[in-house]
Every structure is written in structure tokens, then in C-alpha cells.
Amino acid sequence: MRTVLKQSLRWAATISLVSALTAMALSASSNTLLRGVSWSGGLLVVLLIIAIGVVFDMLGIAATAAREAPFHSMAAKKVPGARHAIGIIRRADQFSNFCNDVVGDISGILSGAAAFTVVTGLIVTFHLDESRWWVEMMMVAIISALTVGGKALGKTVSIRYANEIIFRVGQLFYFLEKRFHIRLFDVKNNKKRKRKRGVVHAPRSN
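Residues numbered from 1 in each chain as written. Predicted model: local features only at pLDDT ≥ 70, side-chain atom pairs only at ≥ 80, totals over all residues. Heavy atoms only, no water.

Colleague: Explanation requested: the overall build of the protein in the structure shown.
Modeller: The number of helices and strands found in the protein is seven helices and zero strands. Moving toward the C terminus, one meets the helices and strands of the protein in the order α-α-α-α-α-α-α. In terms of C-alpha radius of gyration, the protein reaches 24 Å, well past the compact-globule figure of 17 Å for 206 residues. Out of the 206 residues in the protein, the part that is buried amounts to 33%. Both charge centroids of the protein, one from 27 positive and one from 11 negative side chains, sit 24 Å from each other. (Helix = DSSP H or I, 4+ residues; strand = E, 2+ residues; numbered from the N terminus. Rg over C-alpha atoms; globule rule 2.2 N^0.38 Å. Buried < 20%, exposed > 50% of the residue type's maximum accessible area, 1.4 Å probe, protein only. Lys, Arg positive; Asp, Glu negative; His and termini not counted. Charge placed at Lys NZ, Arg CZ, Asp CG, Glu CD.)

Here it is as C-alpha cells:
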């Protein structure tokens, strides 16, 4: 119990730091993309943020729905990405926490902030000062519908094709490890050689 609690606290501290850094990176990226763009360009940024949230939500769900057994034979044959897929499934709680909670929640916050820029651009361009509340309401409705609908569709796909999705992610992690030496969710073979019982080795002859 103490070991599990210690590991949980360590992961909570790590993911909190990762969340802060991810939020800063995504916020800076969205602000850069929104700077000086028209309302139509801002709308594309909002759609991109929503798409990122939906995709990562799919990855998190696929990690919890995937089965480990099919990847063992692939790993034995040294198929690239199989070991990483096993690592993702074994740590599905951490992987889904990052994908669903960190990226998903941050995407929701940023899409709302970006929507404010789009609403302001629409009001200035089409002189809709008197209808500001209506424009804001419609934008919130559109973002909510796209987010919820996209995640609903993504859940169906990610559950049905969980192993295929995780295998592709494993291949991506394999590529990052081989090309850039970035190791993510790898499974090491820790088997140690053991002497067989009842076998007596003859002494070395000089």
C-alpha cells in the first residue's frame, strides 16, 4: 500500500509539472497562431484545437481498451513498436491520464479562449455589437457540439480498433527511440539467466 501511494504521489507530481509545461506550450502556440489573423483564421485554429483534444481522447481510451496478449508474439518476433505497445497498455492509467486529462482538458480551455478571439473578430467585421450575446451563444454551442460529438465518435472507433491504434502509437515511440533516442513506454527484458537445478558444472582444467 505504501509503495503504491508513493508511486501515485510521484506520478501526480510529475504529471502536474507536465500539465503546466504543456499548457504553456499550447497556449503560446495558439496565441501565436491567433495573433493578427482574421475571424476565419481564428475559427480554423479553434477547429484544430478541438481536433487535437478529440485525437488524444481517442488515444487514452484505446490504451485502456487494448489487450496485451496479441503483442507478446509480435514482440518475440521483434516487430518494431510491439514492446512499446505493451508498455503503453501496462501503464494505461498514466497514458490515459496524460491524453484525456492533460491534453484533453487543456484543449477545452484553449478552444474557449480562442473562441473569444473569433467572436470579437466577427463582431468587428460584421458590426454585430447589438447581437454580441447571440454570437457568443452560437459559438459556445458550436464548440460544445463539435467537442462532444467528436469524442463520441472517437470513443466508438478507439474501442473497436484499440489494438491497431496502440500499435501505431508504439511504432511512433519506436521511431522516436531509434531516431532521436527518446525512450517512451518501453518494456525491458529483465530476465536473468538461472542455473538449472541438479546440473553440476565440471571444474575448469588448467
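Colleague: Explain the packing of helix H2 (residues 39–65) against helix H5 (residues 92–126) here, please?
Modeller: Geometry of a packed helix pair, given as the angle between the helix axes and the separation of the axes. Two elements in contact, H2 and H5, have axes whose closest approach is 8 Å; the angle formed by their N-to-C orientations is 165°. What the angle tells us is that H2 and H5 run roughly antiparallel. Between H2 and H5 lies a crossing of left-handed hand. Taken together, the residues of the contact of H2 with H5 break down into 21 nonpolar, ten polar and one charged. (Axes fitted to C-alpha atoms, helices over the stretch in contact; angles between N-to-C directions. Parallel < 35°, antiparallel > 145°, perpendicular 65-115°, else oblique. Left-handed = near helix turned anticlockwise from the far one by under 90°. Nonpolar A, V, L, I, M, F, W, Y, C, P; charged D, E, K, R; others polar.)

Colleague: Before we go on, may I ask you to explain the packing of helix H1 (residues 2–34) against H5 in this structure?
Modeller: Axis separation between H1 and H5 bottoms out at 10 Å; the angle between their running directions is 30°. The orientation of H1 relative to H5 falls into the category roughly parallel. Considering the relative orientation of H1 and H5, their crossing is right-handed. Only Gln 94, Asn 97, Phe 98, Val 102, Ile 106, Leu 110, Ala 114 and Thr 117 of H5 make contact with H1, whose side of the interface consists of Trp 11, Ile 15, Val 18, Ser 19, Thr 22, Ala 23, Leu 26, Ser 27, Ser 30 and Leu 34. Within the contact of H1 with H5, the residues separate by chemical class into eleven nonpolar, seven polar and no charged. (Contact = heavy atoms within 4.5 Å.)

Colleague: Any chance you could explain H5 here in plain terms?
Modeller: Helical periodicity: at 3.6 residues per turn, an α-helix aligns residues three or four positions apart in one direction. Helix length check: H5, at 35 residues, gives a terminal C-alpha distance of 48 Å against a target of 51 Å (1.5 Å per residue), a fit within 8%. Roughly 25° is the biggest bend found in H5, and it falls at Gly 104. Taken from the residues just after H5, His 127 is the one with a positive phi, measuring 55°. (Expected span 1.5 Å × (residues − 1). Bend = angle between axes of the 7 residues up to and from the residue.)

Colleague: Looking at this structure, I do not really get the side chain of Asn 97. What am I missing?
Modeller: Examined against the element boundaries, Asn 97 turns out to sit in helix H5. A polar atom in the side chain of Asn 97 sits 3.1 Å from the side chain of Trp 11. When sequence neighbours within four positions are dropped, the list of residues in contact with Asn 97 reads Trp 11, Ile 15, Ala 92 and Val 102. (Polar contact = N/O pair within 3.5 Å; in protein donor to acceptor, adjacent residues only side chain to side chain.)

Colleague: Would you take a moment to explain a nonpolar patch on the surface for this structure?
Modeller: On the surface, Leu 44, Leu 47, Trp 133, Trp 134, Met 137, Met 138, Ile 142 and Leu 146 cluster together to form a nonpolar patch covering roughly 820 Å² of accessible area. Taken together, the elements giving at least two residues each to the nonpolar patch come down to H2 and helix H6 (132–160). At six residues, the largest contribution of residues to the nonpolar patch is made by H6. (Patch = residues over 30% accessible without salt bridge, like charges linked within 9 Å, V, L, I, M, F, W, Y side chains within 5 Å. Areas by Shrake-Rupley, 256 points an atom, 1.4 Å probe, with all protein chains shown as cover. Salt bridge = Lys/Arg side-chain N within 4 Å of Asp/Glu carboxyl O.)

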